[in-house]
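A closer look at the structure
The residues making up each chain are set out below.
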Amino acid sequence: MKQIHTNILNIKDTILGKITLTGKNIFGRKDYILVQKGLISCPSGYAAAITNITDIIGNNPIAGGTDIEEFHEGDVVTINKEGEITFLYEIESTSNAVFATGRCNHRCIMCPQPPVVHEEDMTPFNMKLISLFNKNTQEVGITGGEPTMIGDKLFDIIKQIKKYTPKAAISILSNGVKFADRDYAMKLALCNCCDLQIDVPIFSDVAKLHNEIVGANTFYKTVQGLYNLALFGTKIGIRVVVHKKTYKRLPQLADFIYHNFPFVCNVAFMQMETIGMAEENIHDLWIDPYDYNKQLVEAIEILRSRGLQASVYNAQLCVLPEQIRDTAIQSISEWKDVYLEECEGCKLIVQCGGFFASNKKYHSSHIQKI
Ligand code: SF4
């Protein structure tokens, strides 16, 4: 999430609010944060104000010395007592997501965001957050941690998204384990979201290897979870993060997916983000993406020739062989997507997904403008 550091006055607890640049056409100021050039204090009634002025005064919450060009009417942000402004929803983004929990029942060796053990229930905050989203939002993700760790509250979140953003497609990232419980899979289906997709990772066709990667003996639960989700007609995608431990068996995994889960709507092969646990375990995991092209092409051809849709996420077009470039999706969130010096003048820069900002250190040595 995009973050800005600023200086603050009268902010003792985290403030959540929707950005307004004009203060016009709003019902009640208390959910709004007024962003204006030249303000020195926060007008009464607003949750807070944000300004470019550094010398801020008054008795109401205000953040100053900020580049106000960063804000758009309808963004939703928090301001905390350390002076950090965090963008939780960006009106111009197509990758807005609700962070359901930081907890997880897996310990994946390449997890970019290692799970927390204890946390306060985030659902009341998330319910409020969703109520501030623009009603014309086209897509909302639910991520974590593992979103099913919040149990049935996940369905409250889904219903809230449906209520406040009725046009939005919902995508959930889950390890699928909890859906081994058939009743839980049924409850998801009973939310009645026709435009909902759940994406579940399977890292190997070999149970032992999958379990080693996720740090839990859950392969068969995930498999059962996939069957239960399919039983109730939920749209399912499969995700495979490609690294040193997974690349060799990509063709076998593709074959396994075709034979066991022919009902999935997409199989996404994902380049690894090298932060968190991935960075800690980098020597066991890093392989230049160019060096697994053979296995990747084979896996994609196995799926495509049998009528299954395959995609490649987080990849750079110059690294991918031409025959599978059409499967590349621009999947890196805008706020962490960057390009390198080598990309200058590249004809494909508009179509290319670029790089995770955190992957500047670890990226393919075959980057070359086209
Ligand atoms: S040079 Fe850069 S922009 Fe061009 S295809 Fe490669 S990574 Fe993408």
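Each value, and the rule that gives it
- Residues numbered from 1 in each chain as written.
- Predicted model: local features only at pLDDT ≥ 70, side-chain atom pairs only at ≥ 80, totals over all residues.
- Pairing = 2+ DSSP bridges.
- Helix = DSSP H or I, 4+ residues; strand = E, 2+ residues; numbered from the N terminus.
- Contact = placed C-beta atoms within 7 Å.
- Axes fitted to C-alpha atoms, helices over the stretch in contact; angles between N-to-C directions.
- Parallel < 35°, antiparallel > 145°, perpendicular 65-115°, else oblique.
- Left-handed = near helix turned anticlockwise from the far one by under 90°.
- Nonpolar A, V, L, I, M, F, W, Y, C, P; charged D, E, K, R; others polar.
- Right-handed = clockwise from strand over helix to strand, strands pointing away.
- Domains from an automatic or database assignment.
- Core = buried A, V, L, I, M, F, W, Y, C linked by C-beta atoms within 7 Å.
- Buried ≥ 20, exposed ≤ 12 C-beta atoms within 10 Å, placed from the backbone.

**Concerning the sheet that holds strand S10 (residues 139-144)**
Backbone-to-backbone hydrogen bonds join strands into a sheet, with any given pair of strands oriented parallel or antiparallel. Spatially, S9-S10-S11-S12-S13-S14-S15-S16 is the arrangement adopted by the eight strands of the open sheet, whose pairing is parallel. The open sheet has two edge strands with one neighbour each: strand S9 (97-101) and strand S16 (328-329). Where strand S13 (residues 235-242) meets strand S14 (residues 266-271), six bridges bridge the pair, whose relative direction is parallel. When the bridges of S14 are listed, Val-242 appears paired with Gln-271. Sheet contacts for helix H5 (residues 219-231): strand S12 (196-201) and S13; angle to S12, the most-contacted strand, approximately 165°.

**Some remarks on the packing of helix H6 (residues 250-260) against helix H9 (residues 293-305)**
The contact between H6 and H9 brings their axes to 8 Å, and the two run at 15°. Here H6 is positioned roughly parallel relative to H9, judged by the angle of their axes. The handedness of the crossing between H6 and H9 is right-handed. Each of Leu-250, Pro-251, Leu-253, Ala-254, Asp-255 and Tyr-258 in H6 lies in contact with H9, whose residues at this interface are Gln-295, Leu-296, Glu-298, Ala-299, Ile-302 and Leu-303. Its residues assigned to classes, the contact of H6 with H9 comprises nine nonpolar, one polar and two charged.

**Some thoughts on the pairing of S10**
Relative to S10, S9 runs parallel, the two sharing four bridges. Across the sheet, residue Phe-99 finds its bridge partner in S10, namely Thr-143. In this fold, the crossover linking S10 to strand S11 (residues 169-173) by way of helix H2 (residues 153-164) has right-handed handedness.

**Topic: the domain arrangement of the chain**
On domain assignment, one finds that the chain holds domain 1 (3-87) and domain 2 (97-332). Each of domain 1 and domain 2 has a C-alpha centre, and these two points are 35 Å apart. Contacts between the two partners involve five residues from domain 1 and, on the opposite side, five residues from domain 2. Class assignment of the residues belonging to the side of domain 1 that touches domain 2 gives a composition of two nonpolar, one polar and two charged.

**Some thoughts on the nonpolar core**
Soluble globular proteins tend to bury their nonpolar side chains together. Of all hydrophobic cores here, the largest spans 88 residues; its most connected members are Ile-33, Ala-48, Val-240, Val-242, Val-267 and Ala-299. Filtering out sequence-adjacent residues up to four positions away, Ala-48 remains in contact with Ile-11, Ile-15, Gly-17, Ile-33, Cys-42, Pro-61, Ile-62, Ala-63 and Ile-79.

**Observations concerning unusual backbone geometry**
The backbone of Asn-10 sits at a positive phi, close to 65°, despite the residue not being glycine. Although it is not a glycine, Asn-192 adopts a positive phi angle of roughly 60°. Residue Asn-192 is classed as exposed on the basis of its 10 C-beta neighbours within 10 Å.

**Description of the sheet that holds strand S6 (residues 62-64)**
Taken together, the eight strands give an open sheet; going across it, the order is S1-S8-S7-S3-S4-S5-S6-S2, and neighbouring strands pair in mixed fashion. Only two strands of the sheet have a single partner each, and these edge strands are strand S1 (3-5) and strand S2 (7-9). Direction aside, neighbouring strands of the sheet carry axes that sit 30° apart on average.

**Re the packing of helix H1 (residues 123-131) against H2**
Look at H1 against H2: their axes get within 9 Å of each other, and the N-to-C directions meet at 10°. The angle between H1 and H2 places the two elements in the roughly parallel class. Facing Thr-123, Asn-126, Met-127, Ile-130 and Ser-131 of H1, the residues of H2 in contact are Lys-153, Asp-156, Ile-157, Gln-160, Ile-161 and Tyr-164. Taken together, the residues of the contact of H1 with H2 break down into five nonpolar, four polar and two charged.

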